[in-house]
Amino acid sequence: MAQSPHKSPYSSGLDSLWSSDTNILKISKNGKWIAFSEIFPNDKKNLLVKETQGEKQFLLPESDWVDFSVNSSLFTCISKEKELLIIDLHSLEEVRYSHIISYSHSGNGTYIAAQREEPGKGKEVLVIDLKSKSVVHTLKNTSKYLWHPSRHVLYATRETPERSQLIRFEVDKELTQYLFQKSKGTIEHLEFSETGEEMVFLSSHNGVQQLNYYNHLTGTLKVLADTLIQKRFKNFRLSALKPFISADGKKIIFYLQSMIPKDGKIHDAEVWDTADPWIGPRMTMYREQKAQYFLTVWYPESGALREIETKELHTSAMSINHDFAVVYDQLQYEPLYKYFPNVDLYLKNLKTGELRLICENQYTGGNYVTISPTGKYITYFKGTDWWVYNVKTDENVNITKESHQIFYNSEHQLPGDAFPYGNPGWLQNEEYLALYDQFDIWLMSPDGKIKKRITRGREENIRYRINRDDGRKPFNFLTINHNFSSSTFASDNGILLELFDYKSYKTGFAYWNENSEIQPLLLENGKIDQVHIDQDSRVLVYRHQRFDQPISIHSYDLKKKTKRIIHQTNKELMDYDLGTSEFIEYGLEDGTSLRGSLIYPANYDSNKKYPLIVEIYEKESRDINNFEPPSNLSYDGFNLLKFTLNDYFVLYPDIFYTIGEPGVSALKSVSAAVEKVLETGLVDKKRIGLIGHSFGGYETAFIITQTDLFAVAVAGAPITDVVNYYHQVHWDSKYEQMWRLENQQFRFGNSFYKMKDAFFRNSPLQHVEKIETPLLLWTGNTDTNVNWSQSVQMFLALKRLKKKAKLILYDKEGHAINKAENQTHLSETIFQWMENHLKNNQIEKGFPVSD
């Protein structure tokens, strides 16, 4: 009965005031301070350092290298003006050092090493005592540097016209020791073992590389040079790629480079051959970036050399701390027209060279294959199940076969390899592997005998996922091939879980450990993300937003179960009515149920009927959890609040896809969603606009060839001729676009040559004569993702047919618009296009082509 307080009408003149994004960067180890950035128009970026439980704060200009000291007493960063700033968080005093391009804290946080590069004076490294905030030593003519992991010892390279040197500087004693020197040349890629007693580095002179291993305990330097390499590996030499050393310091892996001469061509021709697994440019990239390099292992104590990658099995995934590598031939089954290849996976013993087959014809996309952190197990998703390979016993076990749950993601209706919901990693000691189904988290023993569902998301209609807590425990990347990486979670200290409510789209988090039930902590309207936790799991910070709630930063006390707002962006914007939203439920003829988010105009008047903008891509309904301030600065020209603040409804519908019918699927779902909205009587059926970008641009272009439901449309960087696009190349990645149409977003599921009718049926240009809706096309003339000729072809067809259309072609812009002046032009043009056709009655369909 009571009405909400009246809010002021919004004016577009305020747009330039609002920040567009805010991101949490760091939390101090004691949880008392947080650093985050806030981005404003014209690329202005503020850095804020604030107390999580108090009122103290620092507002700083845009900076990089943001960090807190080990004991949380100091904050450090480097400004855009190359000034190192050190702030004492107790006294609030600050010290600045100019011309600094990088810095690094010593292991226990007593010192900082900072590289200074002053014009005309060369490079030097400053050693700064963090207690006194003063420079205690300067290492002249030094560039690359590295702290010992636990001691006050700094290693640095000194390079002069006469020689290159590696020095060891004991800070407390101010003692300099020369470990290595060579006439001229360079020293690169310094890396320590875990204790810091062993190190590896690469030196070079006139393009000839030398691998060096130094043992501080024995004071010995061992060298691996090309002369020794070529005795063991004919026609190979050391490459300049980074080497790695194991935690125990006993093993080094590095890359050999083939010395086989190139074809010696004296022309600029690139030869494409149908007999090759991939097209010409991709083969060229493969030969230059991969085929000539071979991963190899060196054991310095014995001098043994072993090949890891070979010509037959030329790709690997491994941790330097394991005694094996997973090796395969990524060309084996090509061409398959997928983004990642299918391969036979082998386990290779680094010392003996023994090969064991793990599995055959395995897809290698991200999250399909992982190596456990200890190296005990290899997991892989094959068919619709998770398998575990036991490295010790050489056994494969299907651990999900008898679980009676679905572990593949059916929500996106993609063809080809079933995509798993996820495998986040292992509990400590690798007693259990964590797996996801649509709702829940499962723990399964690697032998498949124990299966435990630790959440009840299916009953609650809530999705549970493990938060990686990247701020405190960085992801455990493999040394080689990050796609095969896994992680470990310590359940005894509790694991933070992320929650998503499928019914309300609320998000939040809960806590779980093995000795207790799930402890709900927070569940709120909008999106919660960027969670960081302090070292002792007492305080976490997170970001919150919703389309009508500007981004805010909060802290949460895990002991007291209380939250506190740290920072509210765009606070003044909250004085204005930004609209409300509701879900609409609609169905398809086959019984499929779908959902859309309908956003109401600001200051909605129930006595009026409004125009409607339908923004489409795939599953758009959850976009109500994203905030963007009203602005003309947008990469695709669409801004939700720009329309809701100007008397428009906006609809975000979800689309259900049938394999082989991408356009028809979009038509059915979008039409059903719009018809459901029209049933409410809120919208004028003659004033509905459709807009989409990229794949959404394709869907827009297709839909208006099949229906007159929309009075106006905008298609950004669209695919308009599906058959032509199928035969094009994505030049940045060097992939043919066939994979995208057969096995990815377009969901055809097979070759054009086996289903031509479906390709033609779902191609907008094939039906262009039917278009009666005025269409605005836009694209950039350097777009390599969707060639800009796709927009030109559609425009030429519409012009020849005397249809109502315009094309905006942006010079030196790609798939998205990046220049602020072009973003403004695009946004204003799209908005005015909608205004002219949805609000100005004098504009009618069929108006002669202009421009």
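Look up a bit, the structure's there.
These notes cover the structure that comes with them. Model, not experiment: these values are computed from the prediction.

The next thing to look at is the overall build of the protein. Per the secondary structure count, the protein includes eleven helices and 56 strands. The C-alpha radius of gyration computed for the protein amounts to 30 Å, which stays within 12% of the reference 29 Å derived for 851 residues, consistent with globular compactness. Projecting the C-alpha coordinates of the protein onto the three principal axes gives extents of approximately 85 × 70 × 65 Å. Taken across its 851 residues, the protein has 56% of its residues classed as buried. Sequence separation of 24 or more characterises 54% of the internal contacts of the protein that already satisfy a separation of 6 or more. Surface exposure of the protein reaches about 37600 Å², of which carbon and sulfur atoms provide 48%. In the protein, 99 side chains carry a positive charge and 109 a negative one; their mean positions are 2 Å apart.

Looking now at the packing of helix α5 (residues 662–679) against helix α6 (residues 695–703). It is the contact of α5 with α6, at a shortest axis distance of 9 Å, that shows an interaxial angle of 75°. Between α5 and α6, the angle falls in the class roughly perpendicular. Touching P662, G663, V664, A666, L667 and V670 of α5 are Y698, E699, F702 and I703, all from α6. Its residues assigned to classes, the contact of α5 with α6 comprises eight nonpolar, one polar and one charged.

As a further point, take the packing of aromatic side chains. Scanning all chains against the criterion turns up 51 aromatic pairs. Note on Y617 and F695: the rings are 6.1 Å apart at their centroids and 80° apart in plane angle, and the pair reads as edge-to-face. With a gap of 78 residues between them, Y617 in the loop between β49 (610–616) and α4 (640–644) and F695 in helix α6 connect regions that are remote in the sequence. Residue Y617 is classed as partly exposed on the basis of its relative accessible area, which comes to 28%. Members of the aromatic cluster, joined through ring pairs, are Y339, F340, Y363, Y368, F381, W386, F419, Y735 and W739.

This part is about the sheet that holds strand β48 (residues 593–599). Reading across from one edge, β47-β48-β50-β49-β51-β52-β55-β56 is the order of the eight strands in this open sheet, with mixed pairing throughout. Each of the sheet's edge strands pairs with one partner strand only, and the pair in question is β47 (581–587) and β56 (805–810). Strand-to-strand twist across the sheet, computed as the mean angle between neighbouring axes with direction ignored, equals 20°. Where β48 meets strand β50 (residues 649–653), four bridges bridge the pair, whose relative direction is antiparallel.

Let us now look at the sheet that holds strand β10 (residues 111–118). Across the sheet, four strands lie side by side as β9-β10-β11-β12; this open sheet has antiparallel pairing. Pairing within the sheet leaves two strands with one partner each, and these edge strands are β9 (100–105) and β12 (134–140). Within this sheet the neighbouring strands show an average axis-to-axis angle of 25°, counted without direction. Relative to β10, β9 runs antiparallel, the two sharing five bridges. Residue pairing across strands places S102 opposite Q115, the latter belonging to β10.

With that settled, consider the environment of K123. Mapped onto the elements, K123 comes out in strand β11 (residues 122–129). Its relative accessible area of 35% is what places K123 among the partly exposed residues. Taking the C-alpha atoms as reference points, K123 and S486, separated by 363 residues in sequence, lie 39 Å from one another. What K123 contacts, discounting residues up to four positions off in sequence, is Q115, R116, E117, K140, N141, T142 and S143.

Scoring rules and cut-offs
Residues numbered from 1 in each chain as written. Predicted model: local features only at pLDDT ≥ 70, side-chain atom pairs only at ≥ 80, totals over all residues. Heavy atoms only, no water. Helix = DSSP H or I, 4+ residues; strand = E, 2+ residues; numbered from the N terminus. Rg over C-alpha atoms; globule rule 2.2 N^0.38 Å. Buried < 20%, exposed > 50% of the residue type's maximum accessible area, 1.4 Å probe, protein only. Contact = heavy atoms within 4.5 Å. Areas by Shrake-Rupley, 256 points an atom, 1.4 Å probe, with all protein chains shown as cover. Lys, Arg positive; Asp, Glu negative; His and termini not counted. Charge placed at Lys NZ, Arg CZ, Asp CG, Glu CD. Axes fitted to C-alpha atoms, helices over the stretch in contact; angles between N-to-C directions. Parallel < 35°, antiparallel > 145°, perpendicular 65-115°, else oblique. Nonpolar A, V, L, I, M, F, W, Y, C, P; charged D, E, K, R; others polar. Phe/Tyr/Trp six-rings, centres within 6.5 Å; stacked < 30°, edge-to-face > 60°. Pairing = 2+ DSSP bridges.

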